[in-house]
Amino acid sequence: MSQPWTPTPGQTWPPPAMADLWATMTVWDAWWTGTPAALRSAMAVPTSRPTNHPSQYRGGIVGRIARSFWGRPLPEGDRPSRGDLHLPLASDLARTSADILYSDPPTITTTVPTAQDLITQYIEDGITDTLMGGAELGAALGGRYHRATTDPTHTQGCPFVTTHGPDEVIPVFQWGRLTAATIISEFTDSAHPGVVWRHLEDHWTDQGGYGHVRHTLYEGANNLLGRPVPLTDRPETASLKVDPTGEWVGSGLTPGLAVVYVPNLTPQRAWRKHPVGRYLGRSDIDGLTSLMDALDETWSSWMRDLRLGKARILAARSVLEGGTGGQPYTMDLDQEVFTALDVLDKGEHTPIEQVQFAIRVTEHEQTVRALTETIINQAGFSLGTFQESSDTDITATEVKAREKRTLTTRGRKAAHEKRALTALLTKMLAIQQVIPVDLTVTFPEVVQENPLEQAVSIAAVKNASLMSMRVGVQLLHPSWDASTVDAEVAAIRDEMVTPIEDPTTWHPDYDDDRTR
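Residues numbered from 1 in each chain as written. Predicted model: local features only at pLDDT ≥ 70, side-chain atom pairs only at ≥ 80, totals over all residues. Heavy atoms only, no water.

(A) A look at the packing of aromatic side chains. Tallied over the entire structure, the rule returns 9 aromatic pairs. Ring geometry for W13 versus W22: centroids 6.0 Å apart, planes at 55°, classification tilted. A residue is classified by how much of its surface remains accessible, and W13, at 9% relative accessible area, is buried. Between Y102 and F443, the aromatic rings sit 5.6 Å apart at their centres with planes inclined by 65°, giving edge-to-face as the arrangement. Of this pair, Y102 sits in helix α4 (residues 89-102) while F443 sits in the loop between β14 (440-442) and α11 (451-463); the two residues are 341 residues apart in sequence, bridging distant segments of the chain. With respect to class, Y102 is no different from F443; both count as buried. By the ring-pair criterion, three or more aromatic residues cluster together here, those being Y145, F173, Y261 and Y279. Above the ring of W197, the side-chain terminus of R234 is found at 4.6 Å from the ring centroid. (Phe/Tyr/Trp six-rings, centres within 6.5 Å; stacked < 30°, edge-to-face > 60°. Buried < 20%, exposed > 50% of the residue type's maximum accessible area, 1.4 Å probe, protein only. Helix = DSSP H or I, 4+ residues; strand = E, 2+ residues; numbered from the N terminus. Lys NZ or Arg CZ within 6 Å of the ring centre and 35° of its normal.)

Given below as C-alpha cells:
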C-alpha cells in the first residue's frame, strides 16, 4: 500500500521533486503548441540590454535555451521587421504517433458476455477518441495519465475515461509501477487577482487492493500551495460527495487504482537517476529541441532572404520631384522621359540604380531538408511516413521495408498501451461489478497484406507439402482464435470430399440423336 503525495506546511509550488521535470515539459509543450508566443514564453530570457544576456554563458538547460534561436534576447529597437516563423514539425510528430496507434482502433475482447457488452458501450461513448487524443499528448510530453471516471450526469452513470498530462499529476511509483497519484486542477478568476485555487485529487489503494479517492482544495498563489479551504469555496468542487475527511463516497470501493500511467517510450535517458523521472516516459522530441530550433532559424532566414530580395531602386535627387517648402521628395515610377540637368560631372553613380540581393534558395532548401530528415529519423520514424507517394503498385513487404523504423516504434508504444488499457478497462468494469479474467487488447497490423497475393503464397507453400491446412488458415486470418480456425478447417475438408457413386447404378449416357 502506498500513500499519495502529502504537502508540507508552507509548501512552495511547484513541489521541488517535480519542478525540474515540469520545467522541461513546459518546453516540450511549447514546441507541441507551436505558436511563437508559446515558444518565446517557454524559452526566451527577457532583457532590455543590447548585449548578450549572462544566462547565455550558463550551462544546463537555462544556458542552452538562452543561446537558442527562440531564446535569444531581442532588445527593443533591434527587432526583426517581421516575426520569426515556426515550422510545426513537433506537432506533426505527435499527431502521427497517435495516428499509427489509434487511427485503426485496437480490438478489445473477452469471453464474458456482460463485460463484452459494456466494452462495446465504452467504445460507443468515445473511449477510442479519448485514447487517440491522449496518445498525441503523451507523444509530446513523454506520457499521460488516464482516469476511470464516474459521473451520474454523464453517459448515464457509465464509467468513462479522462486524460491528464504528466505536468498535472504527482505520481508515486514502486518498482516502476504506479501505486498512487495526485491529480491537480488549477482555478483562477478575475475577482481575485493573484489567487490560485488548486484541487488535489488523491488516488491510492488500501492493503486489500481497493481504490480510494480523496479531494482537497487549497487557496494559494502562483508559487505557493497555500492553505486548505472547504470544497464549497469553488463551484468546480462544490458538488463532490465526500465524507468529513474528504474521501469520495459516491460509490462503493472497487479493486484497483482508478488512474493508469501510459509512458510514450522508455527508458527516460535524461532522468534515469531522478527518483520520479526515472519511471516516466520520454517525449518524441526529447533531445531534438536544438535541431527544431535550428530548423525554425533556417526557415525564418529563408523568408528574410525573400523579403530582402525584393527589387529596390536608389534614385539621385536630380530625378526626384518636390523637396521644397518642407515637402518630401517623390518620383513618378511611370514617367518614361527625364530632362537631364546641366551639372558638373563628378564621376558619381547613375541617377537611378537597382538593388536586389540574392535569394539563397538552394542553401536554405538543402538545410531545411537535412534538418527535417534528421529530426524525423531521430524521433523514431521513417521518412516515408511523412512523404506522400504516388506509387500504388507496391507490395506489403515493400511497405514494411520502407516503414520499418516507424513500425518498430509503433510496436514499442503499443506494448505500453496494451498494459495500461487492460488495467484501465478492468477498473471500469469493476466499477460496474463485472470482473473479466481474460481481457485481450489487440492492435491491428498497420500494413495489410493483399489477400490475393497472400492466398497465392500460402497455396504455393501448401502445394509443396511444407504447410498444413490449419497453419494456412491461421496465416490468412491471424486475428481468428483457435476454435474459429478449427471450424474453418473442418468446413474446408467437408467441401473437399467428393461423393462416390454406387457402381451398380451406373449406366452410360447417350446423346439424344443416337440409337440405343
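Back to the write-up after that little detour.
(B) Fine view of the nonpolar core. L21, W22, W31, Y145, L178 and L280 are the most contacted members of the largest nonpolar core, which has 52 residues in total. Of all the elements, helix α1 (residues 16-33) adds the most residues to this core, at 8 residues. Setting aside anything within four residues of it in sequence, one finds L178 in contact with Y145, P171, V172, F173, L257, V259, V260 and Y261. A98, I108, I127 and L425 belong to the second largest nonpolar core, which has 27 residues in total. (Core = buried A, V, L, I, M, F, W, Y, C linked by side-chain atoms within 4.5 Å. Contact = heavy atoms within 4.5 Å.)

(C) Main features of the sheet that holds strand β3 (residues 160-164). In spatial order, the strands read β3-β2-β9; together these 3 strands make up an open sheet with antiparallel pairing. A strand with exactly one partner marks an edge of an open sheet, and here the two such strands are β3 and β9 (259-263). Direction aside, neighbouring strands of the sheet carry axes that sit 30° apart on average. Strand direction decides the pairing type here: strand β2 (residues 143-149) and β3, joined by 5 bridges, are antiparallel. Across the sheet, residue R147 finds its bridge partner in β3, namely T162. Taken strand by strand, helix α10 (residues 404-431) contacts β2, β3 and β9, and its axis lies near 170° from that of β9. (Pairing = 2+ DSSP bridges. Axes fitted to C-alpha atoms, helices over the stretch in contact; angles between N-to-C directions.)

No statement about biological role is implied by the geometric values presented.
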